[in-house]
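Breakdown of the fold
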Amino acid sequence: MTETRKKLSLRLGDTTPEQREADVASVLTRAMHHHLCVRWTYNRVLMQAAPQILYRRNGGLYCDAVVTEKNGAKPDEARLASFKLSGLGHVLLTTETLLPFGRLDLSDGRYKEGLVAKL
């Protein structure tokens, strides 16, 4: 009667990479729809960004966004940067509104595989 006792365990993050990417895409689409900025980590750097466009390229999902804050500091200039969704972590909506980036060129070759969402 010396039976080992079963232990209850909880595993966080048991989602597939595809499901995680879909969840991030859902948050970014919602942010663009409501004109809200997001916070995320990318390459271990905490950022606040204004997502402008979500698209497919080389079989993956990408987001072009304007970084409005990087590790708590404002960037010198506003510029569009590309982020692969699989590299984004801790994606959260903020209450700060975003503005459209005036120099977004939809005829750019990287958008040819297909737009998912845009501001």
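Overview of the structure. (Residues numbered from 1 in each chain as written. Predicted model: local features only at pLDDT ≥ 70, side-chain atom pairs only at ≥ 80, totals over all residues. Heavy atoms only, no water.)

Let us look at the overall build of the chain. When its secondary structure is counted, the chain shows one helix and six strands. In sequence order, the chain lays out its α and β elements as α-β-β-β-β-β-β. For 119 residues, the compact-globule estimate of 2.2 N^0.38 gives 14 Å, and the C-alpha radius of gyration of the chain, at 18 Å, exceeds that figure by more than 25%. Across its three principal directions, the C-alpha atoms of the chain cover 75 × 35 × 25 Å. Looking at the 119 residues of the chain, the share that counts as buried comes to 35%. Intrachain contacts of the chain at a sequence separation of at least 6 include 57% that bridge at least 24 residues. Averaging the positions of the 18 positive and the 13 negative side-chain charges in the chain gives two centres separated by 4 Å. (Helix = DSSP H or I, 4+ residues; strand = E, 2+ residues; numbered from the N terminus. Rg over C-alpha atoms; globule rule 2.2 N^0.38 Å. Buried < 20%, exposed > 50% of the residue type's maximum accessible area, 1.4 Å probe, protein only. Contact = heavy atoms within 4.5 Å. Lys, Arg positive; Asp, Glu negative; His and termini not counted. Charge placed at Lys NZ, Arg CZ, Asp CG, Glu CD.)

Relative to the helices and strands, A49 resides in strand β2 (residues 45–57). Residue classification places A49 among the buried residues on the basis of a relative accessible area of 0%. Leaving out residues up to four positions away in the same chain, A49 has contacts with C37, V38, W40, A65, V66, V67 and T68.

Quick look at the side chain of Q52 now. Here Q52 is to be found in strand β2. There is a polar contact of 2.8 Å between the side chain of Q52 and the backbone nitrogen of F101. The contact partners of Q52, leaving out residues within four places of it in the chain, are M32, D64, A65, V66, L80, L98, L99, P100, F101, L104, K118 and L119. (Polar contact = N/O pair within 3.5 Å; in protein donor to acceptor, adjacent residues only side chain to side chain.)

Going through the model one piece at a time under the given rule, you end up with three salt bridges. Each of the salt bridges in this network shares a partner with another, and the network as a whole consists of D64, D108 and R110. (Salt bridge = Lys/Arg side-chain N within 4 Å of Asp/Glu carboxyl O.)

Quick look at helix α1 (residues 17–33) now. End to end, α1 covers 24 Å across 17 residues, agreeing with the expected 24 Å (1.5 Å per residue, within 8%). Along α1, the residues that are buried comprise E21, V24, A25, V27, L28, A31 and M32. With its buried residues spanning 160° around the axis, α1 presents them on a single face. Pointing more than 90 degrees away from the buried face of α1 are the exposed residues E18 and H33. Where α1 is buried, its residues contact β1 (36–42), β2, β3 (60–70), β5 (88–97) and β6 (115–118). The positive-phi residue at the C-terminal boundary of α1 is H35, with phi of around 55°. (Expected span 1.5 Å × (residues − 1). Arc of directions from axis to C-beta.)

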